[in-house]
Amino acid sequence: MASPPAPSDRLTPRGWAILLVLSSAIFLEGIDVSMMGVALPSIRADLGMSTSSLQWVVSAYVLGYGGFVLLGGRAADLLGRRRMFVLWLVVFLLFSGLGGLATDGWMLIVARFVTGIAAAFMTPAGLSIITTTFAEGPQRNRALLVYAGIAAGGFSLGMVTGGLLTSIDWRWVFFAPVLMAAAILVAAVRLIPHDTPAARTGGGYDVGGTLSLTVAMLLLVYTVVMLPEVGAGSTVATAAAGLALLALFVSIERRSRTPLLRLGLLRSAPLVRANVGAMVLVGGFVGFQFVAVLYLQEFRGWSETQTGLALMILGLDAILAPTLTPVLVRRFGNATVIVAGLALATVAYALFLRVGADWTYAAMLPSFLVLSTAFALAYGPLTIAATDGVAEEEQGLASGVLTTSFQFGSALGLAVVTAVVVAGSGPDGAGLDAFRTALLVPLAGAVIGVLVTASGLRRGRRTTTPADLVAEEVSA
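The rules behind the values
- Position numbers for residues start from 1 in each chain and track the written sequence from start to end.
- It should be noted that, the model being predicted, local features are given only for residues of pLDDT at least 70 and side-chain atom pairs only at 80 or more, the latter also being counted only at that level, while totals for whole chains, interfaces and linings use all residues.
- Hydrogen atoms and water are omitted, and side-chain values are computed over all heavy atoms in the structure.
- For the purposes of this entry, the term helix denotes a DSSP run of H or I that reaches at least four residues, the term strand denotes a run of E that reaches at least two, and both are numbered from the N terminus.
- Summary of the burial criterion: residues with accessible area below 20% of their type's maximum are buried, those above 50% are exposed, and those between are partly exposed, where the area comes from a 1.4 Å probe applied to protein chains only.
- Contact between two residues is taken to exist if any of their heavy atoms lie within 4.5 Å; hydrogens are not considered.
- Working definition of accessibility: Shrake-Rupley area with a 1.4 Å probe, residue cover restricted to the visible protein chains.
- Each axis is a line fitted through C-alpha atoms, taken for helices only over the stretch in contact, and angles between the N-to-C directions span 0 to 180 degrees.
- Working definition: roughly parallel below 35 degrees, roughly antiparallel above 145 degrees, roughly perpendicular at 65 to 115 degrees, and oblique for all remaining angles.
- If you view the pair so one helix is near and one far, a crossing is left-handed when the near helix is turned anticlockwise from the far one by less than a right angle, and right-handed when it is turned clockwise.
- For this classification, Asp, Glu, Lys and Arg are treated as charged, while Ala, Val, Leu, Ile, Met, Phe, Trp, Tyr, Cys and Pro are nonpolar and the rest, including Gly, are polar.
- Patches were defined on residues exceeding 30% relative accessible area and lacking a salt bridge, with like-charge contacts within 9 Å and nonpolar side-chain contacts (Val, Leu, Ile, Met, Phe, Trp, Tyr) within 5 Å.
- We define a salt bridge as a contact between a side-chain nitrogen of Lys or Arg and a carboxyl oxygen of Asp or Glu at a distance within 4 Å.
- Multiply 1.5 Å by the residue count of a helix minus one, and that product is the helix's expected span.
- The reported bend at a residue is simply the angle between two axes, fitted to the 7 residues ending at it and to the 7 residues beginning with it.
- Within a predicted model, pLDDT stands for the predictor's per-residue confidence, ranging from 0 to 100.

A. Expanded view of the overall build of the protein. Helices and strands together make up the secondary structure of the protein, namely 16 helices and zero strands. For the protein, the residues scored as buried account for 53% of the 476 residues in total. Within the protein, contacts between residues at least 6 apart in sequence are counted, and of these 84% link residues at least 24 apart. Accessible surface computed for the protein: about 19600 Å², of which carbon and sulfur atoms make up 67%.

As structure tokens, this is what we get:
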């Protein structure tokens with residue numbers, strides 16, 4: 001008897017068009033975040049902002065994003081994914097433009113906070129449109145790997161773009177996303193199909209759960225963001241308040257007939273492993289990039305444009321993710337590729353520990369190349385693992401949980417690395433010893449990621465059946 005044909009990962013022309021629209025949105029979100037870091041000195045000089053208020057240009061966005069993203073994921077399921085994506089893309093466009101028109105620091109901070117909220121609703125909606133539009137299996141995996149590669153490319157290339165735009169005027173760091181968002185909006189209205197929101201039983205929304213979770217996430221993200229800036233007493237107080245509200249949220253969800261978050265979703269070991277892996281992957285990457293920027297700009301005296309061009313090689317993941325990664329996933333399996341990616345990240349951070357006072361770019365290049373390959377291998381497969389096997393009516397929620405892991409990991413990685421650099425800095429600023437000590441943070445995170453995700457790999461091998469092996473060979 002002939003073997004059945006392997007499922008195809010080919011996308012239709014309309015499927016490619018929808019994927020391109022949604023990938024452009026996540027590219028926009030990534031490049032918007034990345035460009036901001038390069039523009040901060042010019043913003044401070046033009047608006048007369050203090051150093052403490054300047055950091056809120058970044059922190060306000062992270063706070064809005066991290067505080068509302070789980071609510072955004074569930075809203076996509078309950079109110080309609082297309083509706084939430086289009087609506088919050090409009091909000092993103094408007095408040096990005098408002099940031100470019102800001103004449104005072106507080107206006108810019110408010111604009112960034114609302115832009116972060118818009119991204120918190122828009123991003124999980126877009127990801128869940130992909131996971132519900134493309135059939136689970138090779139086709140969805142291909143779509144997610146393309147999506148993840150473009151997302152990573154936006155984040156990696158943002159520094160170069162930000163440096164070039166800031167050299168013209170820092171306000172273009174806000175106006176350029178407006179133009180891109182407008183083009184995406186026109187395409188989204190035409191191409192993204194209408195969907196039917198998930199049915200709600202028992203009537204009403206989980207107001208208590210929504211409020212407790214949102215405030216808890218705001219407090220926890222605030223704690224992480226402010227970790228390098230405030231004393232231990234304030235950190236413990238906000239963290240304790242956030243954890244108390246999380247406990248209240250769990251209590252409410254157990255009794256609610258229409259829970260915001262079905263707690264059973266978090267009992268999935270593969271989902272938990274994927275989210276832990278996502279947290280340490282992005283947290284380590286952001287922390288490493290921060291150390292690299294400080295080393296190149298403050299220690300070596302490179303300009304913003306030179307630094308952006310030097311780090312542009314990290315954008316190689318945008319090419320590798322949709323080309324190399326699908327081949328490796330088909331050949332070795334999703335879990336194996338994730339572990340390999342995190343292991344390569346460990347190697348990249350370890351290589352940069354040897355950083356010297358007069359390192360040439362050729363000496364830095366191996367770390368950058370290995371890290372871009374690591375990100376390409378791990379980012380997309382982690383996205384697949386975090387949404388695989390989740391019911392369609394909870395895809396928005398699963399996407400929100402994953403986005404929370406990315407954002408919380410990013411904030412935590414940056415906060416801890418910043419605290420280590422500040423603690424090790426002398427009167428003349430950070431030196432090589434401070435940079436090397438800070439690099440141990442992403443290195444430790446990558447090791448933890450390897451251990452956590454490898455545990456799933458071992459379980460997967462124990463449960464592999466002969467039929468699975470035959471299917472894998474047919475697919476290959």
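B. Layout of the environment of S128. Considering the arrangement of structural elements, one finds S128 in helix α4 (residues 105–133). With a relative accessible area of 0%, S128 lands in the buried category. In sequence terms S128 and R82 are 46 residues apart; their C-alpha atoms lie 9.7 Å from each other.

C. Broad picture of the packing of helix α11 (residues 317–332) against helix α13 (residues 361–387). For the pair α11 and α13, the least separation of the axes is 8 Å and the interaxial angle reads 60°. It follows that α11 is oblique to α13 by the angle criterion. Crossing handedness for the pair α11 and α13: right-handed. The residues of α13 that touch α11, namely those facing D317, L320, A321, L324, T325, L328 and V329, are S372, T373, F375, A376, L377 and P381.

D. Examining the packing of α4 against helix α14 (residues 395–424) more closely. For the pair α4 and α14, interaxial distance at closest approach is 8 Å and the crossing angle is 130°. Judged on the interaxial angle alone, α14 and α4 are oblique. For the pair α4 and α14, the crossing hand works out as right-handed. Contacts between α4 and α14 pair T123, P124, L127, S128, T131 and T132 from the former with Q395, G396, S399, G400, L402 and T403 from the latter. A class-by-class count of the residues in the contact of α4 with α14 yields three nonpolar, nine polar and no charged.

E. The arrangement of the environment of A187 in detail. Mapped onto the secondary structure, A187 falls in helix α6 (residues 172–191). Given a relative accessible area of 23%, A187 falls into the partly exposed group. It is 8.6 Å that separates the C-alpha atoms of A187 and I18, two residues lying 169 residues apart in sequence. Those residues in contact with A187 that lie beyond four places of it in its chain are V21 and I192.

F. Focus on a nonpolar patch on the surface. On the surface, I168, W172 and L179 cluster together into a nonpolar patch covering about 340 Å² of accessible area. Following the sequence through the fold, W172 ends up in helix α6.

G. Up close: helix α5 (residues 138–168). Helix length check: α5 (31 residues) gives 44 Å between terminal C-alpha atoms against 45 Å at 1.5 Å per residue, within 8%. Largest kink in α5: about 40°, centred on G158.

H. How the structure looks around the pattern of salt bridges. Tallied over the full model, the rule gives five salt bridges. With a closest N to O distance of 3.7 Å, D46 and R171 form a salt bridge. A residue pair is termed long-range when its members are at least 10 positions apart, and D46 in helix α1 (residues 13–47) and R171 in the loop between α5 and α6 qualify at 125 residues. Classification of R171 by relative accessible area gives buried; the value is 18%. Here the salt bridges do not stand alone but share partners, grouping R74, D77 and R81 into one network.

I. Broad picture of α14. When the terminal C-alpha atoms of α14 are compared, their 43 Å separation across 30 residues agrees well with the 44 Å that a helix rising 1.5 Å per residue should span. Among the 30 residues of α14, 21 are classified as buried, and the element is accordingly described as predominantly covered.

J. Structural detail: the environment of V225. Summarising the element assignment, V225 is placed in helix α7 (residues 207–225). Measuring from C-alpha to C-alpha, the distance between V225 and A60 comes to 9.3 Å, with 165 residues separating the pair along the chain. Every residue in contact with V225, bar those within four places of it in the chain, is listed here: Q55, S59, V62 and A411.

K. Geometry of the confidence of the model for the protein. For the protein, per-residue confidence averages 83 on the pLDDT scale, and residues scoring 70 or more make up 89% of the total. When mean pLDDT is compared element by element in the protein, helix α12 (residues 334–352) scores highest at 95, while helix α16 (residues 466–475) scores lowest at 38. Every residue in residues 1–6 scores below 50 in pLDDT, and together they form four contacts with partners more than four places removed in sequence or on other chains.

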